[in-house]
Amino acid sequence: QELGGPVDIGFEEPEAWPHGERGVAPVLEMGEDRLSADLCRLGDRRFLRCLIRIGIEGSDGEVALLAPWAEVTHEAFYAYVAHAFEGAPLPALSDALLANALPNAILGSRIILEFEAEGTRPFARIDAYAKPLSFDALLDLYSELDHDLRPMLSSKDRLGK
């Protein structure tokens, strides 16, 4: 497997989702609860999949992306749905709660969602990843998320030596 740059890591569902994996289905429906690739309704709770940009020290602006879920207000959820499906304006900044535990970021941590561009997931501002990470710290993060890349990088052939 070739490594062509930072690896992006996504989460299939918020940690609170009790109904198992969505798999290849576009939407998993369990009673009134629904889960798609970007939207989740669980009882009276609403979630959006978001993106966290992690800068990499010493790179030319490269970023790694994490795609966890954020618990949002009903207002933010339905503003995003109206934008995505009905062409309404982009929603405003929104307070949210991190809905997946991440290294250095506790489940339920306060985050800010920014809706920056048409057709993209909202970007999350989160203190734990506000500053760029060193390459070693990024590798540690990947490892903590069960994506250890060090064995792939340790081969002299892969490093061009």
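Residues numbered from 1 in each chain as written. Predicted model: local features only at pLDDT ≥ 70, side-chain atom pairs only at ≥ 80, totals over all residues. Heavy atoms only, no water.

What follows is about the pattern of salt bridges. Under the defined criterion, the tally for this structure stands at 8 salt bridges. Put simply, Glu29 and Arg34 hold a salt bridge, and the shortest N to O gap is 3.0 Å. In this structure, Arg45 engages Glu71 in a salt bridge whose closest nitrogen and oxygen atoms are separated by 2.8 Å. Pair noted here: Arg45 is in strand β5 (residues 45–49) and Glu71 is in strand β8 (residues 69–72), with a separation of 26 residues, a long-range link. (Salt bridge = Lys/Arg side-chain N within 4 Å of Asp/Glu carboxyl O. Helix = DSSP H or I, 4+ residues; strand = E, 2+ residues; numbered from the N terminus.)

This part is about helix α2 (residues 135–144). Burial in α2 covers these residues: Leu138, Leu139, Leu141 and Tyr142. The arc that holds every buried residue of α2, seen down its axis, measures 155°, which confines them to one face. (Buried < 20%, exposed > 50% of the residue type's maximum accessible area, 1.4 Å probe, protein only. Arc of directions from axis to C-beta.)

This paragraph deals with the environment of Glu15. Mapped onto the elements of the fold, Glu15 is located in the loop between β1 (9–10) and β2 (28–30). Sequence separation between Glu15 and Ala99 is 84 residues, and the spatial gap between their C-alpha atoms is 6.1 Å. In this structure Glu15 touches Ala99, Asn100, Ala101 and Leu107, once residues within four positions along its chain are discounted. A polar side-chain atom of Glu15 sits 2.6 Å from the main-chain amide nitrogen of Ala101. (Contact = heavy atoms within 4.5 Å. Polar contact = N/O pair within 3.5 Å; in protein donor to acceptor, adjacent residues only side chain to side chain.)

Okay, the sheet that holds β1 next. What holds strands together in a sheet is hydrogen bonding between their backbones, with the strands either parallel or antiparallel. As summarised here, the arrangement of the 3 strands in space is β1-β7-β6, forming an open sheet in which the pairing is mixed. On the outer flanks of this sheet lie β1 and β6 (52–55), each paired with one strand and no other. Alignment of β1 against strand β7 (residues 63–67), held across 2 bridges, turns out to be parallel. Of the residues in β7, the one forming a bridge with Ile9 is Leu66. (Pairing = 2+ DSSP bridges.)

With 13 residues, helix α1 (residues 74–86) extends 17 Å between its outermost C-alpha atoms, agreeing within 8% with the 18 Å of an ideal straight helix rising 1.5 Å per residue. Considering only its buried residues, α1 is in contact with β4 (39–42), β5, β8 and β9 (94–98). Phi turns positive one or two residues past the end of α1, at Gly87, with a value near 75°. (Expected span 1.5 Å × (residues − 1).)

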